[in-house]
Amino acid sequence: MAEKNSYTVPGLTSEVGARVAEILQDRLNAYNDLHLTLKHIHWNVVGPNFISVHEMLDPQVEAVRGFADDVAERIATLGSSAKGTPGTIVSERSWDDYSIGRATAIEHLGALDLVYTGVIETTRKNIEEVGEIDPVTEDMLIGQSAQLELFHWFVRAHLENSGGQLSTANATSEVDAAKQAG
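All values derive from a computational prediction rather than experimental measurement. (Residues numbered from 1 in each chain as written. Predicted model: local features only at pLDDT ≥ 70, side-chain atom pairs only at ≥ 80, totals over all residues. Heavy atoms only, no water.)

1. Overview of the side chain of Asp134
Part 1: With respect to the element layout, Asp134 can be found in the loop between helix H4 (105-131) and helix H5 (135-159).
Part 2: We classify Asp134 as buried; its relative accessible area is 3%.
Part 3: Among the polar contacts made by the side chain of Asp134, one reaches the side chain of Arg74 at a distance of 2.9 Å.
Part 4: When residues no more than four places from it in sequence are discounted, the contact partners of Asp134 are Leu12, Val20, Arg74 and Leu78. (Helix = DSSP H or I, 4+ residues; strand = E, 2+ residues; numbered from the N terminus. Buried < 20%, exposed > 50% of the residue type's maximum accessible area, 1.4 Å probe, protein only. Polar contact = N/O pair within 3.5 Å; in protein donor to acceptor, adjacent residues only side chain to side chain. Contact = heavy atoms within 4.5 Å.)

2. Overview of the pattern of salt bridges
Part 1: A complete count under the given rule lists 11 salt bridges for this structure.
Part 2: A salt bridge links Arg93 to Asp33; its shortest N-O distance comes to 3.2 Å. With a gap of 60 residues between them, Arg93 in the loop between helix H3 (86-92) and strand E2 (103-104) and Asp33 in helix H1 (residues 14-44) connect regions that are remote in the sequence.
Part 3: Asp33 sits in the buried class, given a relative accessible area of 9%.
Part 4: Note that Asp134 and Arg74 form a salt bridge whose closest N and O atoms lie 2.9 Å from each other. Of this pair, Asp134 sits in the loop between H4 and H5 while Arg74 sits in helix H2 (residues 50-77); the two residues are 60 residues apart in sequence, bridging distant segments of the chain.
Part 5: Each of Arg19, Glu22 and Glu129 takes part in a single network of salt bridges with overlapping partners. (Salt bridge = Lys/Arg side-chain N within 4 Å of Asp/Glu carboxyl O.)

3. Points about the packing of aromatic side chains
Part 1: Tallied over the entire structure, the rule returns 3 aromatic pairs.
Part 2: Judged by centre distance (6.3 Å) and plane angle (50°), the rings of Phe151 and Phe154 are tilted. Here Phe154 and Phe151 lie together in helix H5, a separation of 3 residues that amounts to about one turn.
Part 3: Under the relative-accessibility criterion, Phe154 is labelled partly exposed at 30%.
Part 4: What links up through ring pairs into an aromatic cluster is the set Phe151, Trp153 and Phe154.
Part 5: For the cation-ring pair, Arg27 lies above Tyr31, with the distance from its terminal atom to the ring centre recorded as 5.9 Å. (Phe/Tyr/Trp six-rings, centres within 6.5 Å; stacked < 30°, edge-to-face > 60°. Lys NZ or Arg CZ within 6 Å of the ring centre and 35° of its normal.)

4. Points about the packing of H1 against H5
For any two helices packed against each other, one specifies the crossing angle of their axes together with the interaxial distance.
Part 1: Taken N-terminus to C-terminus, the directions of H1 and H5 make an angle of 20°; their axes are 12 Å apart at the nearest point. The pairing of H1 with H5 is recorded here as roughly parallel in orientation. The chirality of how H1 crosses H5 is left-handed. Packed against H1, whose contacting residues are Val20, Leu24, Arg27, Tyr31 and Leu34, the element H5 presents Thr137, Met140, Leu141, Gln144 and Leu148 at the interface.
Part 2: Taken together, the residues of the contact of H1 with H5 sort by class into 7 nonpolar, 2 polar and 1 charged. (Axes fitted to C-alpha atoms, helices over the stretch in contact; angles between N-to-C directions. Parallel < 35°, antiparallel > 145°, perpendicular 65-115°, else oblique. Left-handed = near helix turned anticlockwise from the far one by under 90°. Nonpolar A, V, L, I, M, F, W, Y, C, P; charged D, E, K, R; others polar.)

5. Regarding the nonpolar core
Part 1: Leu24, Tyr31, Leu34, Leu38, Leu112, Tyr116 and Leu148 are the most contacted members of the largest nonpolar core, which totals 44 residues.
Part 2: Within the residue set of this core, elements represented by two or more residues are H1, H2, H4, H5 and helix H6 (174-181).
Part 3: In contact with Leu38, other than residues within four places in its own chain, are Leu57, Gln60, Val61, Val64, Leu112 and Tyr116. (Core = buried A, V, L, I, M, F, W, Y, C linked by side-chain atoms within 4.5 Å.)

6. Focus: the environment of Ala18
Part 1: Following the sequence through the fold, Ala18 ends up in helix H1.
Part 2: The exposure class of Ala18 is buried, given its relative accessible area of 4%.

7. A word on H6
Part 1: When H6 is considered as a whole, its buried residues turn out to be Glu174, Ala177, Ala178 and Ala181. Seen end-on, H6 carries its buried residues on one side only, within an arc spanning 100°.
Part 2: Buried residues in H6 make contact with H4 and H5. (Arc of directions from axis to C-beta.)

Written out as structure tokens, the structure reads:
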């Protein structure tokens, strides 16, 4: 449970401010992990679609880094301390580390489809929870979610056939998704 802050933003109790900060810490961990994962893919993508995927990922990396900064600053505004260390990401995350190394563009995009799905689903749950108590944080997360969904569409466009079916539709792991996409 969130610890009580000595202060928070006007209109919220210290307890509520601390709870919102706790929710945001999970987003900070996810965004830090995501921008590192995107950069990992950027460095390890190979094959005929290398350059298009390589160049598609850099703006996503920068945007997600910006999301992390916005979230960390909101945590501080709420009177809490943002934790941005690698150890925090590893110890507090509820997901496994990205599992694909050097692979083709389509294999990485298959795995990235699942990564984005997880980040977006959790962000939407956080939007619902903070929407009840802090519309400012809700608004920030809604804007970030819209961008994440756009990036996810960019990824999925590579995985979709002309009938609208995703090659990764039944994947249950990144490795499975990479195999299905490839």
